[in-house]
Amino acid sequence: MSPYDRLAAMGLELPPVRKAAGAYVPARFAGGLMFLSGRGGAGADGKVVSGRVGETVSTAEAHEHARSAGLQLLAAAHVELGDLARIKAVVKLLGMVNAVPGYREHPKVIDGCSELFLSVLGEAGRHARSAVGVGSLPHDMTVEVEAILLVDA
């Protein structure tokens, strides 16, 4: 089954890729690696979701935001590669969670993205990962996730 078939089976579509919010590009290639710039989760209206986990956002809601960020990353990869089947491996994810001091469930939040990648990409979606808490994120995003992918040239 292709990544697109898996997305369809999950009832998901790739969203439009939002433009960069600053002086950077959505993706950069180095050899067989593609570095994807950080993406935040988006609501059904396509707007970035915001709030602090443990204050205005629950762990379950943030998990969904991370899943949405993962979908944004897959959409950016699709635009750059033309075919998600060219992803040979998700090498590394870095997930940042806008959380209150003392919050401890960062891995559960970023699992939203990790689980999506495994579901859509199969074994190619298995990856190394860091999940960290931060005091703030751009536009008050709940989460931001960036990825490094090994791609077929």
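Scroll up to find the structure this text is about.
Within any chain, residue numbers begin from 1 and follow the written order of that chain's sequence. Totals for whole chains, interfaces and linings use all residues, but because this is a predicted model, local features are given only for residues with pLDDT of at least 70 and pairs of side-chain atoms are given and counted only at 80 or more. The side-chain values count all of the structure's non-hydrogen atoms but skip hydrogen atoms and water molecules.

Draft legend 1. Examining the packing of helix 2 (residues 59–81) against helix 3 (residues 106–121) more closely. Think of each axis as a best-fit line through the C-alpha atoms, taken over the contacting stretch in the case of a helix, with angles from 0 to 180 degrees between the N-to-C directions. Numbering goes from the N terminus for both helices and strands, where a helix is a DSSP run of H or I of at least four residues and a strand is a run of E of at least two. Where helix 2 meets helix 3, the axes come as close as 7 Å, and the angle between the chain directions of the two elements is 40 degrees. When the axis of helix 2 is compared with that of helix 3, the two are oblique. With respect to the hand of their crossing, helix 2 and helix 3 are arranged in right-handed fashion. Contacts between helix 2 and helix 3 involve Thr59, Ala62, His63, Ala66, Arg67, Gly70, Leu71, Leu73 and Leu74 from the former and Lys108, Val109, Ile110, Asp111, Gly112, Cys113, Glu115, Leu116, Phe117, Val120 and Leu121 from the latter. Roughly parallel refers to an angle under 35 degrees, roughly antiparallel to one over 145, roughly perpendicular to one between 65 and 115, and oblique to any angle outside these ranges. In a left-handed crossing the near helix is turned counterclockwise from the far helix by less than a right angle, and in a right-handed crossing that turn is clockwise. Should any heavy atoms of two residues lie within 4.5 Å, those residues are considered in contact.

Draft legend 2. Focus on helix 3. A helix's residues, less one, multiplied by 1.5 Å, set its expected span. The end-to-end C-alpha distance of helix 3, which contains 16 residues, comes to 23 Å, matching closely the 22 Å that a straight helix rising 1.5 Å per residue would cover. A residue's bend is simply the angle between two axes: one fitted to the seven residues ending at it, one to the seven starting at it. In the structure, helix 3 departs most strongly from a straight axis at Gly112, where the bend amounts to approximately 35 degrees. For helix 3, every residue scored as buried is listed here: His106, Val109, Ile110, Gly112, Cys113, Ser114, Leu116, Phe117, Val120 and Leu121. A positive backbone phi angle near 65 degrees is found at Gly122, which sits one or two residues after helix 3. Exposure classes here rest on a 1.4 Å probe applied to the protein chains alone. A residue is buried below 20% of its type maximum, exposed above 50%, and partly exposed in between.

Draft legend 3. Representation of unusual backbone geometry within the structure. Its identity is not glycine, yet His139 carries a phi of approximately 60 degrees, on the positive side. Mapped onto the fold, His139 is located in the loop between strand 4 (128–134) and strand 5 (143–151). The phi angle at Asp140 is positive, at roughly 60 degrees, despite the residue not being glycine. Tracing the chain through its elements places Asp140 in the loop between strand 4 and strand 5.

Draft legend 4. Examining the sheet that holds strand 4 more closely. Strand order in the open sheet made by the five strands is 1-2-5-3-4, with mixed pairing throughout. Of all the strands in the sheet, the pair left with one neighbour each is strand 1 (27–30) and strand 4. Geometrically, the sheet is characterised by an average inter-axis angle of 15 degrees between neighbouring strands, direction not taken into account. Across nine bridges, strand 3 (residues 87–98) lies against strand 5 in antiparallel orientation. From the neighbouring strand, Ile87 faces strand 5, where its bridge partner is Val151. Docked against the sheet, helix 2 engages strand 1, strand 2 (33–40), strand 3 and strand 5, running at close to 140 degrees with respect to strand 2. Packed onto the sheet, helix 3 meets strand 3, strand 4 and strand 5 and runs at close to 160 degrees relative to strand 3. Strand pairing follows a simple DSSP-based rule, namely that at least 2 bridges must link the two strands.

Draft legend 5. Spotlight on helix 2. When the terminal C-alpha atoms of helix 2 are compared, their 32 Å separation across 23 residues agrees well with the 33 Å that a helix rising 1.5 Å per residue should span. Looking one or two residues beyond helix 2, the residue adopting positive phi is Gly82, at roughly 85 degrees.

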